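Residue-level listing of the chains:
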Amino acid sequence: PSVFNLLASPTDEANRNNIAVILDSAVRNMKDAEKNYEGDKQYLKFGVMIDEHHKVTYHANYDGCENKDGISANSADELLRMLEE
């Protein structure tokens, strides 16, 4: 099942709560990275994704990024380092 379906499940409360904790932590990590960003990228947008195996990836896209889908990393710190290179 998709993460969205798990979050919407009225019967799988334990899994739903686990995903909510994972997402909350990931969003907090991303917000910290955004606050600590000292680069000069224009129109910088941050995001997080969680897959069906509960693996979190951190994403950013900005004006002039070589990849039209932006960049991604396995941690907010790694993404921050990539943005500041």
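Details of the structure are given in the entry above.
Note that the coordinates shown come from a computational prediction; the quantities given were computed from them, not determined experimentally.

Enquirer: Please explain helix H3 (residues 76-84) as it appears in this structure.
Expert: Helical periodicity: at 3.6 residues per turn, an α-helix aligns residues three or four positions apart in one direction. Restricting attention to buried positions, one finds in H3 the residues Ala76, Leu79, Leu80 and Leu83. Buried residues in H3, looked at end-on, bunch into an arc of 100 degrees, giving them a common side. Exposed residues on H3 whose side chains face more than 90 degrees from its buried face are Asp77 and Arg81.

Enquirer: Looking at this model, I keep getting lost on the pairing of strand E1 (residues 45-50). Mind explaining?
Expert: In terms of strand pairing, E1 meets strand E2 (residues 56-61) through 6 bridges, oriented antiparallel. Paired with Lys45 across the two strands is Asn61, which belongs to E2. Connecting E1 to the antiparallel partner E2 that follows it, the hairpin turn spans 5 residues, and His54 within it adopts a positive phi of roughly 70 degrees.

Enquirer: How should the nonpolar core be read in this particular structure?
Expert: The tendency in soluble globular proteins is for nonpolar side chains to be buried side by side. One finds Tyr58, Ile71, Leu79 and Leu83 to be the most contacted residues of the largest nonpolar core, which totals 19 residues. Broken down by secondary-structure element, the contributors of at least two residues to this core are helix H1 (3-8), helix H2 (13-36), E2, strand E3 (71-73) and H3. Tyr58 has contacts with Ala26, Asn29, Met30, Gly47, Val48, Ile71, Ser72, Ala73, Asn74, Ser75, Ala76 and Leu79, leaving out every residue within four places of it along the chain.

The rules behind the values
Residues numbered from 1 in each chain as written. Predicted model: local features only at pLDDT ≥ 70, side-chain atom pairs only at ≥ 80, totals over all residues. Heavy atoms only, no water. Buried < 20%, exposed > 50% of the residue type's maximum accessible area, 1.4 Å probe, protein only. Helix = DSSP H or I, 4+ residues; strand = E, 2+ residues; numbered from the N terminus. Arc of directions from axis to C-beta. Pairing = 2+ DSSP bridges. Core = buried A, V, L, I, M, F, W, Y, C linked by side-chain atoms within 4.5 Å. Contact = heavy atoms within 4.5 Å.

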